[in-house]
Amino acid sequence: MNEESGDQPLPLVAHLTELRDRLLRSLLSVLLVFIGLFPFSNEIYSFVSRPLRALLPEGATMIATEVASPFLTPFKLTLVAAIFIAIPYVLYQIWSFIAPGMYRHEKRLAVPLLASSVLLFYAGAAFAYYVVFPLIFGFFTSVGPADIAIMTDINSYLNFVLKLFFAFGIAFEIPIAAVILIWAGITTPEDLVKKRPYIIVGCFVFGMLLTPPDVISQALLAVPMWILFEVGVFFGRYIQRRDSSAADTE
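Now for a description of the structure that goes with this document. (Residues numbered from 1 in each chain as written. Predicted model: local features only at pLDDT ≥ 70, side-chain atom pairs only at ≥ 80, totals over all residues. Heavy atoms only, no water.)

1. Considerations on the overall build of the protein chain
Note the following rule: Numbering of helices and strands runs from the N terminus; a helix is a DSSP stretch of H or I covering at least four residues, while a strand is a stretch of E covering at least two. Throughout this description, buried means an accessible area under 20% of the type-specific maximum (1.4 Å probe, protein chains only), exposed means over 50%, and partly exposed covers the range between. Two residues qualify as a contact provided that any one of their heavy atoms is within 4.5 Å of a heavy atom in the partner residue.
Tallying secondary structure elements over the protein chain gives nine helices and zero strands in all. Ordered by position from N to C terminus, the α and β elements of the protein chain give α-α-α-α-α-α-α-α-α. The proportion of buried residues among the 250 residues of the protein chain is 35%. Restricting the contact set of the protein chain to residue pairs at least 6 apart, pairs at least 24 apart contribute 82%.

Encoded structure:
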């Protein structure tokens, strides 16, 4: 433990006990949220599937191709939603465990980064739901042969949208990753700017790997990633200047 933090070192057994307690609290928080959400599992699935159902041709509907899908699919979605909602508390438990070993100036930067990472992940998921889903589902439902009935399996749809939620949530963490790399001294804003062409190509490769094989969804992931990279470089410059000014005054 760092002396500057003002906390006394704890024996290994005490650390392990604290880690166990915080893991149990995290699991309990997810369980409690899940119990509260489970009675509304069908409504949650209806909400998540609305972008596709709103674009289905008249008379078309979603289907379940497996016997247990009508129960297991909303169950799985509700569990994921519980984890999604409980993430701030889980991260708080992680932060409470590691914070005593950090310096005060590290804590001052880590807290905004932690809060921003949660908000950006939620923003990425919201961007996928409200912007990306209507566009790609509108494209998919309009380009098929006229004599093909669209009846999407509910489990296949869930796997598809969870992949996109995760991809956009992670992609929106790019500013945090850039700031951490600059703050840790691993790179500088100038080096990142020099690598901009490679990073742009990497954004499109990342979009190609994590989204369906169509240009629309790949671009909708790659372009925000590029913009968020520029945001990360901007704040990285600010933090670098602030640290330099603080070092000059000492």
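2. Brief notes about the side chain of Thr73
You can see Thr73 is positioned in helix H3 (residues 69-98). The buried category is assigned to Thr73, whose relative accessible area is 2%. Thr73 has contacts with Tyr45, Ile154, Asn155 and Leu158, leaving out every residue within four places of it along the chain.

3. Considering the pattern of salt bridges
Heads up, the rule is: Criterion for a salt bridge: a side-chain nitrogen of Lys or Arg within 4 Å of a carboxyl oxygen of Asp or Glu.
Per the counting criterion, the structure on display carries three salt bridges. Of the charged contacts in the structure, one is a salt bridge between Arg20 and Asp21, with a shortest N-O distance of 3.1 Å. Of the residues examined, Arg20 reaches a relative accessible area of 48% and is grouped as partly exposed.

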